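Commentary on secondary and tertiary structure
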Amino acid sequence: PNPAEEATAAASGAAATEKFRSRQHTGSAMADTKRVDTLASEMLSAVHDIIRRHKVTYAEYDALKAWLIQVGLDGEWPLFLDVWVEHVVEEVANENRQGSKGTIEGPYYVPDSPSFTAIATLPMREDEPGTPLLFQGQVTSVDGTPLAGAKVEMWHADANGLYSQFAPGLPEWNLRGTVLTDDQGNFRIHTKEPAPYQIPTDGSCGKLIAAAGWHAWRPAHLHLKVSAPGHQLITTQLYFRGGSHVEDDIASAVKPELVLDPAPAASGTGNEVTYDFVLDRA
Ligand code: MBD
Ligand code: FE
């Protein structure tokens, strides 16, 4: 491939940083002085404690300082935080939900993807690689009521593990779409199965992974946001049983309820799977 078209950590990081900044409605969470005092003080205390317990050296302190600076220069704060921190925020945020399980959003969501009625094929290239997948299901409320006109937003990597708008050379909305359910709450989405995702090895997060001797992989996954009037939006991801790294996701975002069992499609091409979403009332 043309080197100018090669996916780089810095380019996808810059795009993720820019997208986050443009969506972020700042400020109100910083207005509670007491809360900020508590959280910032305890975070610093945790750092101080680690330094004392492990007798952190000046060489290590300087390495950390250089690495933190580089994370920002690479635009990898969204990646770093979503891979290693977001799963606990999600756990706390959704601990009281009765409906379907959620998990982390990650750094590659883009709102306002092209919209379709209940039977849809995600935007994709004419020669889009990968196994065809029919993903279908029903959206209901916790009491079982079907939710007509619910919004099922889906986005995922392609068969090379790349996300449109964060890697070069892909159509703007490749493998991203918003599907509205029919009057019974049903949807059917045709797409191509994604590949596992590797954290870029040429950026700061990749350097940390290599330095710590970790692996850099997330299992193949579909991202979804499902919402309906009067109900809580759910952000989730679905995985493929038996796939690489389902058992050791670097982002700690797999839950047993989120693992799909696709079967060969009745149509004879590719696979199909049914997965229903249950939304909590707002
Ligand atoms: C991804 O595709 C992702 O979903 C997360 C959470 C982090 C990095 C890449
Ligand atoms: Fe992802």
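Notes on the structure follow. (Residues numbered from 1 in each chain as written. Chains lettered and ligands numbered in written order. Predicted model: local features only at pLDDT ≥ 70, side-chain atom pairs only at ≥ 80, totals over all residues.)

Next up on the list: the packing of helix α1 (residues 9–23) against helix α4 (residues 77–84). Remark: α1 packs on α4, axes separated minimally by 8 Å, with the N-to-C direction vectors making an angle of 80°. Of the possible angle classes, the one that applies to α1 and α4 is roughly perpendicular. Where α1 approaches α4, its residues Gly-13, Ala-16, Thr-17 and Phe-20 are matched on the opposing element by Trp-77, Pro-78 and Leu-79. When grouped by side-chain class, the residues that make up the contact of α1 with α4 number five nonpolar, two polar and no charged. (Axes fitted to C-alpha atoms, helices over the stretch in contact; angles between N-to-C directions. Helix = DSSP H or I, 4+ residues; strand = E, 2+ residues; numbered from the N terminus. Parallel < 35°, antiparallel > 145°, perpendicular 65-115°, else oblique. Contact = placed C-beta atoms within 7 Å. Nonpolar A, V, L, I, M, F, W, Y, C, P; charged D, E, K, R; others polar.)

Across a sheet, strands are paired by hydrogen bonds formed along the backbone, either parallel or antiparallel in direction. Spatial ordering of the open sheet is given by β1-β5-β4-β9-β10-β11, a layout of six strands whose pairing is mixed. The sheet is open, and its two edges are formed by β1 (115–116) and β11 (259–260), each paired on a single side. The sheet contact formed by strand β10 (residues 234–240) and β11 spans two bridges and is parallel. Across the sheet, Tyr-239 pairs through a bridge with Val-259, a residue of β11. (Pairing = 2+ DSSP bridges.)

This part is about the nonpolar core. In this structure, Val-139, Val-152, Met-154, Ile-189, Val-226 and Leu-279 are the most contacted members of the largest nonpolar core, which totals 50 residues. Discounting residues that sit within four places of it in the chain, Ile-189 has contacts with Ala-120, Leu-122, Phe-135, Gln-136, Met-154 and Val-179. (Core = buried A, V, L, I, M, F, W, Y, C linked by C-beta atoms within 7 Å. Buried ≥ 20, exposed ≤ 12 C-beta atoms within 10 Å, placed from the backbone.)

Take unusual backbone geometry next. For residues besides glycine, phi is generally negative; the peptide bonds are generally trans as well. One non-glycine residue with positive phi stands out, namely Asp-112, at about 60°. Structurally, Asp-112 is set in the loop between α5 (86–93) and β1. Look at His-245: it is not a glycine, yet its phi comes out positive at around 70°. By secondary structure assignment, the location of His-245 is in the loop between β10 and β11.

Moving on: the site of ligand 1. All residues adjacent to ligand 1 are Leu-79, Asp-82, Val-83, Ile-104, Gly-106, Pro-107, Tyr-108, Tyr-197, Arg-218, Ala-251 and Ala-253. Among the elements that make up the shell around ligand 1, the one with the highest residue count is α4 (three residues). Partitioned by chemical class, the residues of the shell around ligand 1 number eight nonpolar, one polar and two charged. (Near = placed C-beta within 6 Å.)

The values reported here are purely geometric and, on their own, carry no functional implication.
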